[in-house]
Amino acid sequence: MKHTAGRKATPQPIADAIRTVPQPPKHFPPAARAEWKRVMPVLVERRVLSVADLHAVERFCEAAADIVDARAAIAQYGAYVENRLGELKRNPAFATLREATAESRRWAAELGLSPSSRSRAGVHEDQDADDDSPLSM
């Protein structure tokens, strides 16, 4: 018997899967839109998302945008900034960067978007979900 405690379920194609890439939410900032356009085609092709799962992709994309914003703030203001007393303190954007990176990592694992989550799930880039597709020949 194989031990499976703590493992995520293997993503399998689902019957009610989204078949076309939906438009990103209108409220998304540009970086979140870019991430949506990068990952959604992959997830749609794998046929693992239903309409009910879109919130997970939205959270992943928002975390990606937060990472971009935090990096921009660090680049603009530097690693250390003065507080109101004139003392140098680490840029608060590092906390945002750390939190957004952790959030992104969690959602990527849920969605099968990281190399380790794909290997645990048995998803391989050369493996096609539809064996009758011309790509599998």
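Parameters at a glance
- Position numbers for residues count from 1 along each chain, tracking the sequence in the order it is written.
- Reporting in this predicted model follows two pLDDT cut-offs: at least 70 for local features of residues, and 80 or more for side-chain atom pairs to be given and counted; totals over whole chains, interfaces and linings ignore these cut-offs and use all residues.
- Side-chain numbers come from the whole structure's heavy atoms, not from hydrogens or water.
- Throughout, an axis means a line fitted to C-alpha atoms (over the contacting stretch in the case of helices), and angles, computed between N-to-C directions, take values from 0 to 180 degrees.
- In DSSP terms, a helix is any run of H or I states spanning at least four residues, a strand is any run of E spanning at least two, and both are numbered starting from the N terminus.
- Between 65 and 115 degrees an angle is taken as roughly perpendicular, under 35 as roughly parallel, over 145 as roughly antiparallel, and anywhere else as oblique.
- Rotating anticlockwise by less than a right angle from the far helix to the near helix defines a left-handed crossing, while the corresponding clockwise rotation defines a right-handed one.
- Any pair of residues with heavy atoms lying within 4.5 Å of one another is described as a contacting pair.
- Ten residues, namely Ala, Val, Leu, Ile, Met, Phe, Trp, Tyr, Cys and Pro, are considered nonpolar, four, namely Asp, Glu, Lys and Arg, are considered charged, and the remaining ones, Gly among them, are considered polar.
- Buried Ala, Val, Leu, Ile, Met, Phe, Trp, Tyr and Cys residues that are joined via side-chain atoms within 4.5 Å together make up what is termed a nonpolar core.
- Accessibility here uses a 1.4 Å probe with only protein chains present; expressed as a share of the type maximum, an area under 20% marks a residue as buried, one over 50% as exposed, and anything in between as partly exposed.
- Two aromatic rings from Phe, Tyr or Trp, using only the six-membered ring of Trp, form a pair when their centres are within 6.5 Å; if the ring planes differ by under 30 degrees the pair is stacked, by over 60 it is edge-to-face, and anything between is tilted.
- By definition here, charges over rings are those cases where NZ of Lys or CZ of Arg is within 6 Å of the ring centre and within 35 degrees of the ring normal.
- By this rule the span expected of a helix is its residue count minus one, scaled by 1.5 Å.

An unreviewed UniProt entry lists the chain under the name Phage terminase, small subunit, putative, P27, from Nitrobacter hamburgensis.

Enquirer: Would you explain the packing of helix 2 (residues 54-77) against helix 3 (residues 93-111) in this entry?
Expert: Pairs of packed helices are described in terms of their axes, by the angle between the two and the distance that separates them. Taken N-terminus to C-terminus, the directions of helix 2 and helix 3 make an angle of 150°; their axes are 8 Å apart at the nearest point. Overall, the two elements helix 2 and helix 3 adopt an arrangement that is roughly antiparallel. For the pair helix 2 and helix 3, the sense of crossing is left-handed. Side by side, helix 2 and helix 3 meet where His55, Ala56, Val57, Arg59, Phe60, Ala63, Asp66, Ile67, Ala70, Arg71, Ala73 and Ile74 of the first sit next to Ala93, Phe94, Thr96, Leu97, Ala100, Thr101, Glu103, Ser104, Trp107, Ala108 and Leu111 of the second. Of the residues that constitute the contact of helix 2 with helix 3, the class distribution is 15 nonpolar, four polar and four charged.

Enquirer: Explain the nonpolar core here, please?
Expert: One broad trend across soluble globular proteins is that nonpolar side chains are buried collectively. Counting residues in hydrophobic clusters, the biggest one holds 20 residues, and the most contacted among them are Met40, Leu43, Leu49, Val57, Phe60, Cys61 and Leu111. When contributions to this core are tallied by element, the ones reaching two or more residues are helix 1 (30-46), helix 2 and helix 3. Discounting chain neighbours no more than four positions away, the residues touching Leu49 are Ile14, Asp16, Ala17, Ile18, Met40, Leu43, Val57 and Leu111. Core analysis: the second largest hydrophobic core is formed by seven residues, Ile67, Ala93, Phe94 and Leu97 among them.

Enquirer: Teacher, can you tell me more about the packing of aromatic side chains here?
Expert: A complete count under the given rule lists one aromatic pair for this structure. Look at Phe28 and Trp36: their rings are 5.9 Å apart centre to centre, the planes differ by 75°, and that puts the pair in the edge-to-face class. Grouping residues by exposure puts Phe28 and Trp36 together as buried. A cation over an aromatic ring shows up here: Arg90 above the ring of Phe94, its NZ or CZ 3.9 Å from the ring centre.

Enquirer: Even after reading the chapter, I still don't get the side chain of Glu58, so can you show me in this structure?
Expert: Position of Glu58 among the secondary structure elements: in helix 2. For Glu58, a relative accessible area of 19% translates into the label buried. Contact partners of Glu58, with chain neighbours within four places excluded, come to Pro25, Phe28 and Trp36.

Enquirer: Help me understand helix 3, please; the structure alone is not making it clear to me.
Expert: Structural remark: α-helix, 3.6 residues per turn; residues separated by three or four positions point the same way. With 19 residues, helix 3 extends 26 Å between its outermost C-alpha atoms, agreeing within 8% with the 27 Å of an ideal straight helix rising 1.5 Å per residue. Residues of helix 3 that are buried: Ala93, Phe94, Leu97, Ala100, Ser104, Trp107, Ala108, Ala109 and Leu111. One or two steps after helix 3, the chain reaches Gly112, where phi turns positive at roughly 75°.

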